[in-house]
Amino acid sequence: MYKVSLLLTTYNSERNLPFTLNSIRSQTYPQIEVVIVDGCSTDGTIALIEQFAKESGLDVKWISEPDQGLYDAMNKAYRMSTGDIIAVCNDLLSEKNAVALFVEAIENAGEDCIGAHSDLVYVEGEKVIRSWHMGQGDIRQGWMPGHPALYLKRRIYEKYGQYDITYRCAADYEFMVRFLKDSRNSLAYVPRVLITMFYGGTSNAGLGNYLVSFKEGYLALRKNGVKHPLLITLKRTWRVLRQF
């Protein structure tokens, strides 16, 4: 049975963190490790983490210390993890068997499958702001999986490395470009909404951040030797706009 490491990064997250932790606590999959990297929160986040570690009955590892931003914290969490499958989990697992469905998809797809992804929605309160129907596609056509709904075998991190913290908004996209530009790396797809995201996020926080994300996405493609990076970036932008 695969061990799944769920990576959480927190900073003054007491408003939404209880919902995330409750959705993890309710999962039916038995082999879950929770790794939390906190950036020295000053609200009630630490107390929530301590309570969860004590009462959840799960394998919980956590630290609170200064970091160089979101992607640095994600790298720290990965290095602390020991799971066979890695996923970043800062939002909500929409179903109690969400982790089990990701693992089942990976197992059924065979040894060559590098991971699995699903559909997701962004919500603000109870209102759905964006619905992201992922399907399958080609990163050269502007398609990409939703990073919050991406479960990857550990060997992908071992082979392709961690998140490049020189990127402000698009280190997750650059990371995905690294392994998805190789068509031999296939992802299993679960055609269900298994992740509910709190609307916001690094690339959604205002026009300025979105423009930075656009530029960094273009640079990520160039860095990895993908042809026609501007055209691909425009196609990716169109796919994002269609979600609203």
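Everything quoted here is computed from the prediction, not taken from an experiment. (Residues numbered from 1 in each chain as written. Predicted model: local features only at pLDDT ≥ 70, side-chain atom pairs only at ≥ 80, totals over all residues. Heavy atoms only, no water.)

Colleague: Before we move on, can you summarise unusual backbone geometry with the specific residues and values?
Modeller: At Asn-12, a residue that is not glycine, the phi angle is positive and equals roughly 50 degrees. Here Asn-12 falls in the partly exposed class, since its relative accessible area comes to 31%. One non-glycine residue, Cys-40, lies in the positive phi region at around 65 degrees. Its location among the elements puts Cys-40 in the loop between strand 2 (32–38) and helix 2 (45–55). Judged by its relative accessible area of 33%, Cys-40 is partly exposed. (Buried < 20%, exposed > 50% of the residue type's maximum accessible area, 1.4 Å probe, protein only. Helix = DSSP H or I, 4+ residues; strand = E, 2+ residues; numbered from the N terminus.)

Colleague: Before we move on, could you go through the pattern of salt bridges and cite the residues and values that matter?
Modeller: In total, this model carries 11 salt bridges according to the counting rule given. Among the salt bridges present, the one from Lys-61 reaches Glu-33, with a minimum N-O distance of 3.2 Å. Here Lys-61 is found in strand 3 (residues 59–64), whereas its partner Glu-33 is found in strand 2, with 28 residues between them in sequence. On the basis of relative accessible area, Glu-33 is assigned to the buried category, the value being 0%. Asp-164 is the partner of Lys-223 in a salt bridge, and the nearest nitrogen-oxygen pair spans 2.9 Å. In this pair, Lys-223 sits in helix 7 (residues 206–223) while Asp-164 sits in the loop between helix 5 (154–160) and helix 6 (171–180), placing the two residues 59 residues apart along the sequence. (Salt bridge = Lys/Arg side-chain N within 4 Å of Asp/Glu carboxyl O.)

Colleague: How would you sum up the pairing of strand 4 (residues 85–88)? Please name residues and give values.
Modeller: Here strand 4 shows no split at all, with Ile-85 and Ala-87 on one side and Ile-86 and Val-88 on the other all buried. Note: strand 1 (residues 4–10) against strand 4, 4 bridges, orientation parallel. When the bridges of strand 4 are listed, Leu-7 appears paired with Val-88. Pairing geometry for strand 4 and strand 8 (residues 150–153), over 2 bridges, is antiparallel. (Pairing = 2+ DSSP bridges.)

All we've got here are geometric facts, nothing functional implied.
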